[in-house]
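# A look at the structure
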Amino acid sequence: MRTSYENDNSKNPEPAGKSAIFSETVTDRLTTIIPETRAQSAKPRPFIDTHVHLMKTSLYSWFNPSKPPTFEGPWDPLFAMGDFTNEQLEQETNGTPIELKGAVHIQANADDPIAEIEAVETMGERAAWPIMIVGGGDLSDPGIESLLEREAAFADVRGVRQNLNMHPHPLYNYVDKSYMDDPQWLKGLALLKKYGMSFDMQLYPTQFARACEVIDANPETLFIIDHAGMWADRDLAGWQLWSKGLRNLAQRDNCAIKISALASLDHRWTLESIKPIVYTILDAFGTDRVMFGSNFPVDKLHGTYGDIVHGFARCVETLSEPEQDALFVANAQRWYRF
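Residues numbered from 1 in each chain as written. Predicted model: local features only at pLDDT ≥ 70, side-chain atom pairs only at ≥ 80, totals over all residues. Heavy atoms only, no water.

## What to know about the environment of Gly 229
Structurally, Gly 229 is set in the loop between β6 (223–225) and α8 (236–250). The spatial distance from the C-alpha of Gly 229 to the C-alpha of Ser 243 is 9.2 Å, given a sequence separation of 14 residues. Gly 229 has contacts with Leu 203, Tyr 204, Pro 205, Phe 208, Trp 242 and Ile 257, leaving out every residue within four places of it along the chain. (Helix = DSSP H or I, 4+ residues; strand = E, 2+ residues; numbered from the N terminus. Contact = heavy atoms within 4.5 Å.)

As C-alpha cells, then:
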C-alpha cells in the first residue's frame, strides 16, 4: 500500500525541457499508527484549489535568482521550472485520486496587475475547470480606484490581495509599512465594497488584533485569511497568540480562512505535524468558513501536490461527507463565487 505520493516522477513528470528538482524525499509523511486502507488511499477527492499562483513568469520582475531569501527556502527549483500554468497544475494530480474542479489564482505581485489577470484569463479559457482570480494592487495608492474598476470588469475576478506581513526577522518580513494603520490604505480597502470584491488578508498573528478592527470597520466586505494565519513564531507564546487570535477573527461573520502554505512554514511536515493546525482552525471557524489550498507552485518546494492534498484529506477523514465536501469544494464555490 502506498502511503505517500512523494516524488512519483513516473506519473508526475516535470514539464519537458525542465530540470528542476523539488523537495527532499520524506517517504512517511502520511504514515499513521493505524494505516489507512487501500480504499481510503484511492478514494476520489474532488477539489477546488483556493490558493495557486498560475504564473507567466515574465510578468514578475522579482522572479529571478537575485530574489532575497525567505522562510520558504531556496527558490532555485522554481526558477529552473519557470512558468506554472493550468496544464502543469492539472499534471500535478497525475497518479493521485484528486479530481480538480476549479482553482483560485492569487496575485503574485506582477509588475502590471492587469497583464497578470489577462494571462490567467487566457489559461482559464483552455482549462477543463473554472479559474477565479484574486487580483493585485496597492490600496494605499490614491489612484487605486481606477485599477479596481478595471479589475472588476473581468468576469472571473473576485477580489484583491495585498501582503500585509510585517515581522522583525528579515526571512519573514514582507513589507516595511503598517498598511492597516495608513488612512489612505483604509480608504482604498473601503472601495472594495463598491466593486463587490473580497480581500485576501495575508498577515501574521501579531497583526490579528488590528485586523479584527479593520474587518469590523468593513462589515460588507468579505475577508479571507490566507495561509492558515501564518503561525510563524513557533514557540508557546507564538502558538497562543495565533490560536487565540484565530478565535477572535472567527467571531467576525464576514471572515473566512484558507488552510494553505503549511509546508512553507514546516519544510519537513508530516500528517501529525499539521493536524493541530487544521483542528485548531476547524474548531474556531467550523466547517462552513474553511477552505483548503495548495499554495503551488511555492509549496512544491516541500512536498508533492498529492501528498499535500491527501494530507488535508487524512486530517478530516472522520468528518461527514457533506462536511468534507464543504472543505474541499462547496465553501470555495460559495466564498469565491464560482
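## A closer look at the nonpolar core
Counting residues in hydrophobic clusters, the biggest one holds 103 residues, and the most contacted among them are Leu 89, Phe 199, Met 201, Leu 249, Ile 281, Phe 285 and Phe 328. Broken down by element, this core gets its largest block of residues, eight residues, from helix α10 (residues 271–285). When residues no more than four places from it in sequence are discounted, the contact partners of Phe 285 are Leu 246, Leu 249, Ala 250, Cys 255, Ala 256, Ile 257 and Val 290. (Core = buried A, V, L, I, M, F, W, Y, C linked by side-chain atoms within 4.5 Å. Buried < 20%, exposed > 50% of the residue type's maximum accessible area, 1.4 Å probe, protein only.)

## Observations concerning empty space enclosed by the protein
If you roll a probe as big as a water molecule over the atoms, it shows you where there is empty space left. As enumerated under the stated definition, the model contains five cavities of 30 Å³ or more in all. Approximately 70 Å³ is the volume found for the largest cavity. At the level of secondary structure, the elements contributing two or more residues to the lining of the largest cavity comprise α9 (262–265) and α11 (305–315). Taken together, the residues of the lining of the largest cavity sort by class into seven nonpolar, no polar and one charged. (1 Å grid on protein atoms, 1.4 Å probe; cavity = no way out; pocket = protein on both sides within 12 Å on 5 of 7 lines; lining within 4 Å. Points joined across faces, edges and corners; volume = space filled by probe spheres on them. Nonpolar A, V, L, I, M, F, W, Y, C, P; charged D, E, K, R; others polar.)

## A word on the packing of α8 against α10
Orientation of α8 relative to α10, taken along the N-to-C sense of each, is 30°, at an axis distance of 8 Å. Our classification of the angle between α8 and α10 gives roughly parallel. Between α8 and α10 lies a crossing of right-handed hand. In contact with Trp 239, Trp 242, Ser 243, Leu 246, Arg 247, Leu 249 and Ala 250 of α8, α10 contributes Pro 276, Ile 277, Thr 280, Ile 281, Asp 283, Ala 284 and Phe 285. (Axes fitted to C-alpha atoms, helices over the stretch in contact; angles between N-to-C directions. Parallel < 35°, antiparallel > 145°, perpendicular 65-115°, else oblique. Left-handed = near helix turned anticlockwise from the far one by under 90°.)

## As for unusual backbone geometry
At the junction of Phe 296 and Pro 297, the peptide bond is cis and its omega measures out at 10° in the coordinates. Position of Pro 297 among the secondary structure elements: in the loop between β8 (290–292) and α11. Unusually for a residue other than glycine, Asn 109 sits at a positive phi of about 60°. Following the sequence through the fold, Asn 109 ends up in the loop between β2 (98–106) and α4 (113–126). You can call Asn 109 partly exposed: its relative accessible area is 41%. A positive phi angle, close to 60°, is found at Ala 261, a residue other than glycine.

## Some remarks on the pattern of salt bridges
Applying the stated criterion to the full structure yields 16 salt bridges. Here Glu 220 ties to Lys 193 by a salt bridge, and the two come within 3.2 Å at their closest N and O atoms. Residue Glu 220 is found in the loop between α7 (208–216) and β6, and its partner Lys 193 is found in the loop between α6 (183–190) and β5 (198–201); the two are separated by 27 residues along the sequence. Judged by its relative accessible area of 46%, Lys 193 falls in the partly exposed class. Note that Asp 226 and Lys 258 form a salt bridge whose closest N and O atoms lie 3.3 Å from each other. A residue pair is termed long-range when its members are at least 10 positions apart, and Asp 226 in the loop between β6 and α8 and Lys 258 in strand β7 (residues 255–259) qualify at 32 residues. Connected through shared salt-bridge partners, Arg 161, Asp 200, Asp 226 and Lys 258 make up one network. (Salt bridge = Lys/Arg side-chain N within 4 Å of Asp/Glu carboxyl O.)

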